[in-house]
Amino acid sequence: MKEILFNKDFTCIAVSKTKPVEKIREIYELGHRDFGENKVQELEVKFNSLPKDIRWHMIGHLQTNKVKKIIPFISLIHSVDSFKLLDFINNESKKLNKITDCLIQVNISEEEQKFGFNPNNLDFLEKSNLKDKKFIKIRGFMGMASFTDKTSIIRNEFKSLKELYDVYSNKLNDFNILSMGMSSDYNIAIEEGSNMIRIGSKIFGERNYL
């Protein structure tokens, strides 16, 4: 577990969704500071219950009406999947005079149940329609591979996102995060160039479904 948490080649987000505060504190006491949640209400409770030097990551689908609740303390939003959400994050961040770091979620699997921008529709990152969003900093991409046992499919999807990342990291300032890879496929993601992985069961054990 420590080899995942403290590897210098990538940042590990310990996915603590559904896990009790006590379990998170155990990982915190090892020296780890990056934790990920996918539900705003659960994230709020844990933020209020745990040390304030934790860097909280929003990794799940974020509804616009929940944005204002997490902006004051969120470290990174991984799941920006629409222009509407970008607007809400910018507006709520402006109220606090805070620049919020975000990742653009890209639907690399093209599965209908997954959120994210189409990989072919990312030109907006270079155009002026982001210039009015002065309270957002786009730091990179996040993607989730297909739910399949075929490693060739997973590898090709990660490879495609890395290629996109390379294009935009050469064009945009501070665009240096590629968040891909979870407990089932993080080794492939790392091999394909991921520098941020989101790991739950490998750290906390199997998830408690609520």
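Just above sits the structure.
Residues numbered from 1 in each chain as written. Predicted model: local features only at pLDDT ≥ 70, side-chain atom pairs only at ≥ 80, totals over all residues. Heavy atoms only, no water.

Section: the overall build of the protein
- Within the protein, the regular secondary structure consists of eight helices and eight strands.
- At 16 Å, the protein has a C-alpha radius of gyration in line with the 17 Å of a compact globule built from 210 residues.
- Here the analysis covers contacts within the protein between residues at least 6 apart in sequence; of these, 57% occur between residues at least 24 apart.
- Accessible surface, the protein: about 11000 Å² in total, of which carbon and sulfur atoms supply 46%. (Helix = DSSP H or I, 4+ residues; strand = E, 2+ residues; numbered from the N terminus. Rg over C-alpha atoms; globule rule 2.2 N^0.38 Å. Contact = heavy atoms within 4.5 Å. Areas by Shrake-Rupley, 256 points an atom, 1.4 Å probe, with all protein chains shown as cover.)

Concerning the pairing of strand 4 (residues 76–80)
- With five of its five residues buried, strand 4 lies for the most part within the structure.
- Judged from the two bridges that link them, strand 4 and strand 5 (residues 100–106) form a sheet pairing that is parallel. Its bridge partner lying in strand 5, Ile77 is registered against Cys102. (Buried < 20%, exposed > 50% of the residue type's maximum accessible area, 1.4 Å probe, protein only. Pairing = 2+ DSSP bridges.)

As for the pattern of salt bridges
- Taken as a whole, this structure holds 14 salt bridges when the rule is applied.
- Measuring nitrogen to oxygen at the nearest pair gives 3.0 Å for the salt bridge that ties Asp53 to Arg33. In this pair, Asp53 sits in the loop between helix 3 (40–49) and strand 3 (55–58) while Arg33 sits in the loop between helix 2 (21–29) and strand 2 (34–37), placing the two residues 20 residues apart along the sequence.
- Across the salt bridge formed by Arg155 and Glu192, the nearest N and O atoms sit 2.8 Å from each other. Here the residue Arg155 occupies a position in helix 6 (residues 151–169), and Glu192 occupies one in the loop between helix 7 (186–191) and strand 8 (196–199), the gap between them amounting to 37 residues.
- Arg155 gets classed as partly exposed once you look at its relative accessible area, which sits at 28%.
- With a relative accessible area of 13%, Glu192 lands in the buried category.
- Members of the salt-bridge network, linked through shared partners, are Arg155, Lys159, Glu191 and Glu192. (Salt bridge = Lys/Arg side-chain N within 4 Å of Asp/Glu carboxyl O.)

Observations regarding the nonpolar core
- Residues Trp56, Ile77, Ile104, Leu122, Leu125 and Phe141 are the most contacted members of the largest nonpolar core, which totals 58 residues.
- No other element matches the six residues that helix 6 contributes to this core.
- With near-sequence residues (within four places) excluded, Trp56 lies in contact with Ser16, Ile24, Phe35, Glu37, Leu43, Lys46, Phe47, Leu50, Phe73, Ile74, Ser75 and Leu76.
- Core analysis: the second largest hydrophobic core is formed by six residues, Leu76, Leu103, Ile177 and Met196 among them. (Core = buried A, V, L, I, M, F, W, Y, C linked by side-chain atoms within 4.5 Å.)

Observations concerning the environment of Leu86
- Mapped onto the secondary structure, Leu86 falls in helix 5 (residues 83–95).
- When the C-alpha positions of Leu86 and Lys133 are compared, they lie 8.1 Å apart, and in sequence the two are 47 residues distant.

Some points on unusual backbone geometry
- Backbone geometry at Thr18 places phi at a positive 70 degrees, although glycine is not the residue there.
- Looking at where Thr18 falls in the secondary structure, it is placed in the loop between strand 1 (11–15) and helix 2.

Things to note about the layout of surface pockets
- There is about 370 Å³ of room inside the second largest pocket.
- As for the second largest pocket, its lining consists of 14 residues, and the residues nearest its centre are Leu125, Leu130, Ile136, Ile138 and Leu172.
- Considered class by class, the residues forming the lining of the second largest pocket number five nonpolar, one polar and eight charged. (1 Å grid on protein atoms, 1.4 Å probe; cavity = no way out; pocket = protein on both sides within 12 Å on 5 of 7 lines; lining within 4 Å. Points joined across faces, edges and corners; volume = space filled by probe spheres on them. Nonpolar A, V, L, I, M, F, W, Y, C, P; charged D, E, K, R; others polar.)

Observations concerning the packing of aromatic side chains
- Summed over the entire model, instances satisfying the criterion amount to nine aromatic pairs.
- Each ring, one from Phe47 and one from Phe73, has its centre 4.0 Å from the other, and the planes form 10 degrees; the classification is stacked. Here Phe73 lies in the loop between helix 4 (67–70) and strand 4 and Phe47 lies in helix 3, a separation of 26 residues in the sequence. Taken individually, Phe47 and Phe73 each receive the classification buried, so the pair is uniform in this respect. (Phe/Tyr/Trp six-rings, centres within 6.5 Å; stacked < 30°, edge-to-face > 60°.)

Brief notes about the side chain of Ser79
- For Ser79, the location among the structural elements is in strand 4.
- Exposure remark for Ser79: the relative accessible area of 0% places this residue in the buried category.
- Within polar-contact distance, the side chain of Ser79 engages the backbone oxygen of Gly60 at 2.5 Å.
- If we skip the residues at most four places from it in the chain, Ser79 touches Met58, Ile59, Gly60, His61, Leu62, Leu85, Leu103, Gln105 and Met142. (Polar contact = N/O pair within 3.5 Å; in protein donor to acceptor, adjacent residues only side chain to side chain.)

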